[in-house]
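Here is how the chains run, residue by residue.
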Amino acid sequence: MKDVKITARVTGVRDDIVTLRLEKDEKGNFYPLIKNEVVYICPSRVPQDNRQEYLQAEVLRVRHGEADVQVFENTRGVAVGDPIRQSGQMLSVTLGPGLLGQVYDGLQNPLEIIAGQHGFFLPRGLQVDGIDTQKQWAFQPTVKAGTRLKAGDPVGHVQEGRFKHKIMVPFNQVGEVEVTWIQEGTFTTTTPIARFKDSKGKEHELTMQQKWPVRIPVCQPLLAQRYSQREYPEQPLLTSIRLIDTFFPIAKGGTACIPGPFGAGKTVLQGLISRFSDVDIVIIVACGERAGEVVETITEFPALPDPKGGTLMDRTIIICNTSSMPVAAREASIYTGITLSEYYRQMGYNALLIADSTSRWAQAMRETSGRLEEIPGEEAFPAYLDSSVKSLYERAGLIRNNEGEQGSLTLIGTVSPAGGNFEEPVTQSTLRTVKTFLGLSADRAYKRAYPAVDPLISWSRYLEQLSGWYNEHLDAQWVDDVKQMQGLLTQGEDIQQMMQVTGEEGVTLQDFLTYNRAQCLDQVYLQQDAFDDVDASTDMSRQMRIFRLLKRCLFEHPNMDDKDTIREHFTKLAGFFRNLNYSHEDGPDFRRYWKEIHNLNHFQLLDGTFAEE
Ligand code: ADP
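First, a word on what this report is: a plain description of the structure on this page. Quick caveat, the model's predicted, so the values are computed rather than measured.

A few points about the overall build of the chain
Piece 1. Within the chain, the secondary structure is distributed over 18 helices and 26 strands.
Piece 2. Relative to the compact-globule value of 25 Å for 613 residues, the chain shows a C-alpha radius of gyration of 28 Å, a close match.
Piece 3. If you line up the chain on its principal axes, its C-alpha atoms span 95 × 55 × 40 Å.
Piece 4. Going through the 613 residues of the chain one by one, you find that 54% of them count as buried.

Structure below.
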């Protein structure tokens, strides 16, 4: 501590909010301190091992000569008068090769390394490098001395697992620079690999890692200078879950929200989405759930086989905080996750961020706001809740990077409304922001109708927005057909309500038929068995094939003039379709059930491949 200037001292402590008094310099002015700067509190009371602790904190509010900071650690033993060390930096993460496969806490401390060195509890006031600075990477330059570059331009790459990891000029570099020297070879991420000269003639050294402040989008300076462009999402993120891809699509680079009452299958659904979605990189932020659930995520997840080969963990980063960690760290974890996702998007990859749950993040914000004695809004959430939720989801999107490659960041946030009440502020703000809503329902879970997404309350604004893609890749009728089937589900529900009162006899034959069609659609198309190897994932071409056949079956079946016949017919039909769902598309079973379905409906087998049978 001797050589570091003390620029402020503690004047008050209230849980994890600490108030500081700035010191004055020789001229009698307060030392400058900016909002969101990271400072370290140095408790004068040292632990038994005599180690000086540095408690990391972020400046929330600065007033004349005073500041409030939120501390990412327990503030036990912090005393009035304790000195503050300023970092001059905003809360940042380290970007570079070696991020994939890591499990971090909300401040990018690698949990495995900490567990190896210190057991399961991170000693207070300790920070560990976010990426392994000892590990060597084979760097392959793609530019030469003399090349002129700007922020975000790649200078070369290393191979990170199965991905080409681009090393880019720091995103905050101003103006054009000229490479003066660059070397090929195997280096650590802190070894200079290149030097460049900026427009003022100043030389800079480039390593394979750079720091980036988490509260600022990685792409922000690049978009501002038009080096990269934001584009409108135009492709679906294919999850291989029929209910999502067909009925409630999510765009690549889009946003979605999954609210989930406990036990409704949120964890299984998230696992399916991370595993089967057509994205390159998956980032999971497990923010503030109970410790047991987080342990579940980090032990089960790495073991999941990846349909693309290897294990899922090879292309995943997990960030987790349990509710026992300080709220400030919980709040930061979502920004850490989003920044890492943006970094890979900037390289031209498709990244998927699953934030579970944003309610905990909002609650952390509420606690902090309460301690700062800000004027509360609805249910004591800060008045800026809505804009915070918006600016979080706005970081998702499709980007054309400096090299003209598209990269996407799709953000799926879960919310956990207390008591399943969707009227509460966090769910409401989220619903106003996202474009897909997959409403998990305890009722459907209870009936074991998985995925327990209620098709009557769920919606997607992307169905229309992506119609160009559907026209080109499926057929021009797609969106209308899907809407027709959605209408059928609503009608079916109305009739079911009626039948609960009047019994089956109380409805007309036509209504009974409609009800059976809707039931069949639900059972064989919306419901999908996550634990069957084949049914767990249905690619889009198979979805279209099944959807077309099913639609035909629901509306072009033989005439039936009594309820028993109708019931019997649809029970058989549903049975065949379910078996079809369990069969490999190129296997004999698939053909068999395909044929059975045609026979049942007196359809001609038009499909050439099956015609000879
Ligand atoms: P939550 O995370 O919402 O508490 P889980 O995702 O752990 O709930 O799901 C609870 C149980 O429901 C699972 O153990 C599983 O038996 C069943 N389940 C959930 N989703 C599916 C699915 N898509 N297919 C089959 N079973 C499911």
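Let's pick the thread back up.
Quick look at the site of the ligand
Piece 1. Gly 263, Gly 265, Lys 266, Thr 267 and Val 268 are the nearest of the 13 residues found near the ligand.
Piece 2. At a separation of 2.8 Å, an oxygen atom of the ligand approaches a polar backbone atom of Val 268.
Piece 3. Tyr 450 is positioned with one of its side-chain polar atoms (N or O) 3.0 Å from an oxygen atom of the ligand.
Piece 4. For the ligand, whose accessible area on its own is 560 Å², the fraction buried by protein is 75%.
Piece 5. Looking at the shell around the ligand residue by residue, the classes come out as seven nonpolar, four polar and two charged.

As for the sheet that holds strand S15 (residues 194–197)
Piece 1. Pairing is antiparallel across the open sheet formed by four strands, whose spatial order is S10-S13-S15-S16. The sheet terminates laterally at strand S10 (148–149) and strand S16 (203–206), the two strands that pair on one side only.
Piece 2. Taken together, the two bridges between S10 and strand S13 (residues 177–182) define a ladder with antiparallel strand orientation. Across the sheet, Arg 148 pairs through a bridge with Glu 178, a residue of S13.

Observations regarding the packing of helix H16 (residues 563–581) against helix H17 (residues 588–600)
Piece 1. The interhelical angle for the contact between H16 and H17, taken along N-to-C directions, is 160°, at an axis separation of 8 Å. Taken as axis vectors, H16 and H17 run roughly antiparallel relative to one another. Between H16 and H17 the crossing geometry is left-handed. Of H17, the residues touching H16 (which contributes His 569, Lys 572, Leu 573, Phe 576, Phe 577, Asn 579 and Leu 580) are Phe 590, Tyr 593, Trp 594, Glu 596, Ile 597 and Leu 600.
Piece 2. For the contact of H16 with H17, the per-class residue count stands at nine nonpolar, two polar and two charged.

Brief notes about H16
Since there are 3.6 residues in each turn of an α-helix, residues three or four apart along the chain are aligned in direction.
Piece 1. Its 19 residues give H16 an end-to-end C-alpha distance of 27 Å, which sits within 8% of 27 Å, the value for a rise of 1.5 Å per residue.
Piece 2. By the burial criterion, the buried members of H16 are Lys 563, Ile 566, His 569, Phe 570, Leu 573, Ala 574, Phe 576, Phe 577, Leu 580 and Asn 581. Axial view of H16: buried residues confined to an arc of 165°, hence all on one face. Residues of H16 that are exposed and point over 90 degrees away from its buried face: Glu 568 and Thr 571.
Piece 3. Check the buried side of H16 and you find it contacts helix H3 (242–247), helix H14 (509–526), helix H15 (540–555) and H17.

A few points about the sheet that holds strand S5 (residues 66–71)
Piece 1. Strand order around the closed barrel formed by six strands is S1-S2-S5-S4-S3-S6, with antiparallel pairing between neighbours. Taken pair by pair, the neighbouring strands of this sheet meet at an average axis angle of 45°, ignoring direction.
Piece 2. For strand S4 (residues 55–63) and S5, the ladder comprises six bridges, and the chain directions are antiparallel. Residue pairing across strands places Val 62 opposite Ala 67, the latter belonging to S5.

Structural notes on the environment of Ser 458
Piece 1. Looking at the element boundaries, Ser 458 is found in the loop between helix H10 (442–446) and strand S26 (459–460).
Piece 2. Through-space distance from the C-alpha of Ser 458 to that of Gly 254 is 16 Å; in sequence the pair is 204 residues apart.
Piece 3. Contact partners of Ser 458, with chain neighbours within four places excluded, come to Phe 248, Phe 437, Leu 438, Gly 439 and Val 453.
Piece 4. A polar atom in the side chain of Ser 458 sits 3.0 Å from the backbone nitrogen of Gly 439.
Piece 5. One polar contact links the side chain of Ser 458 to the main-chain carbonyl oxygen of Asp 454, over a distance of 2.7 Å.

Some points on the nonpolar core
Piece 1. Residues Phe 247, Ile 273, Trp 478, Leu 521, Leu 554, Leu 573 and Phe 577 are the most contacted members of the largest nonpolar core, which totals 81 residues.
Piece 2. Those residues in contact with Leu 554 that lie beyond four places of it in its chain are Met 485, Leu 488, Arg 517, Cys 520, Leu 521, Phe 570 and Leu 573.
Piece 3. Membership of the second largest hydrophobic core comes to 58 residues, among which are Leu 95, Ala 355, Leu 431 and Phe 437.

Quick word on the packing of aromatic side chains
Piece 1. Here the structure, examined in full by the defined rule, presents 16 aromatic pairs.
Piece 2. Ring centres of Phe 247 and Phe 547 lie 6.3 Å apart, and the angle between their planes is 70°; on these two criteria the pair is classed as edge-to-face. Of the two residues, Phe 247 is situated in helix H3 and Phe 547 in helix H15; the sequence distance between them amounts to 300 residues.
Piece 3. Of the residues examined, Phe 247 reaches a relative accessible area of 1% and is grouped as buried.
Piece 4. When the centroid spacing of 5.9 Å and the interplanar angle of 90° are considered together, the rings of Phe 422 and Phe 437 count as edge-to-face. Here Phe 437 lies in strand S25 (residues 436–437) and Phe 422 lies in the loop between strand S24 (406–415) and helix H9 (425–433), a separation of 15 residues in the sequence.
Piece 5. Here Phe 437 falls in the buried class, since its relative accessible area comes to 3%.
Piece 6. Through successive ring pairs, a cluster of aromatic residues spans Phe 247, Phe 248, Trp 469, Tyr 470, Trp 478, Tyr 525 and Phe 547.
Piece 7. The side chain of Arg 366 reaches across the aromatic face of Phe 381, ending 4.2 Å from its centre.

Overview of the pairing of strand S19 (residues 255–259)
Piece 1. The buried count for S19 comes to five of five residues, which makes it a mostly enclosed element.
Piece 2. Side-chain alternation along S19 places Thr 255, Cys 257 and Pro 259 on one buried face and Ala 256 and Ile 258 on a second face that is also buried.
Piece 3. Where S19 and S24 come together, five bridges link them in parallel fashion. Looking at the pairing, Ile 258 lines up with Thr 414 of S24.

Examining the environment of Thr 186
Piece 1. Along the polypeptide, Thr 186 turns up in strand S14 (residues 185–187).
Piece 2. With 134 residues separating them in the primary sequence, Thr 186 and Gln 52 have C-alpha atoms 36 Å apart.
Piece 3. Residue contacts for Thr 186: discarding those within four places in its chain leaves Gln 136, Trp 137 and Ala 138.

As for the pattern of salt bridges
Piece 1. Per the counting criterion, the structure on display carries 38 salt bridges.
Piece 2. In this structure, Asp 356 engages Lys 266 in a salt bridge whose closest nitrogen and oxygen atoms are separated by 3.6 Å. Here the residue Asp 356 occupies a position in strand S22 (residues 350–356), and Lys 266 occupies one in helix H4 (residues 266–276), the gap between them amounting to 90 residues.
Piece 3. The class for Asp 356 is buried, based on a relative accessible area of 12%.
Piece 4. Arg 545 is the partner of Glu 585 in a salt bridge, and the nearest nitrogen-oxygen pair spans 2.8 Å. With Glu 585 in the loop between H16 and H17 and Arg 545 in helix H15, this pair connects stretches of sequence that are 40 residues apart.
Piece 5. Residue Glu 585 is classed as partly exposed on the basis of its relative accessible area of 26%.

Cut-offs applied
- Residues numbered from 1 in each chain as written.
- Predicted model: local features only at pLDDT ≥ 70, side-chain atom pairs only at ≥ 80, totals over all residues.
- Heavy atoms only, no water.
- Helix = DSSP H or I, 4+ residues; strand = E, 2+ residues; numbered from the N terminus.
- Rg over C-alpha atoms; globule rule 2.2 N^0.38 Å.
- Buried < 20%, exposed > 50% of the residue type's maximum accessible area, 1.4 Å probe, protein only.
- Near = heavy atom within 4 Å.
- Polar contact = N/O pair within 3.5 Å; in protein donor to acceptor, adjacent residues only side chain to side chain.
- Areas by Shrake-Rupley, 256 points an atom, 1.4 Å probe, with all protein chains shown as cover.
- Nonpolar A, V, L, I, M, F, W, Y, C, P; charged D, E, K, R; others polar.
- Pairing = 2+ DSSP bridges.
- Axes fitted to C-alpha atoms, helices over the stretch in contact; angles between N-to-C directions.
- Parallel < 35°, antiparallel > 145°, perpendicular 65-115°, else oblique.
- Left-handed = near helix turned anticlockwise from the far one by under 90°.
- Contact = heavy atoms within 4.5 Å.
- Expected span 1.5 Å × (residues − 1).
- Arc of directions from axis to C-beta.
- Core = buried A, V, L, I, M, F, W, Y, C linked by side-chain atoms within 4.5 Å.
- Phe/Tyr/Trp six-rings, centres within 6.5 Å; stacked < 30°, edge-to-face > 60°.
- Lys NZ or Arg CZ within 6 Å of the ring centre and 35° of its normal.
- Salt bridge = Lys/Arg side-chain N within 4 Å of Asp/Glu carboxyl O.

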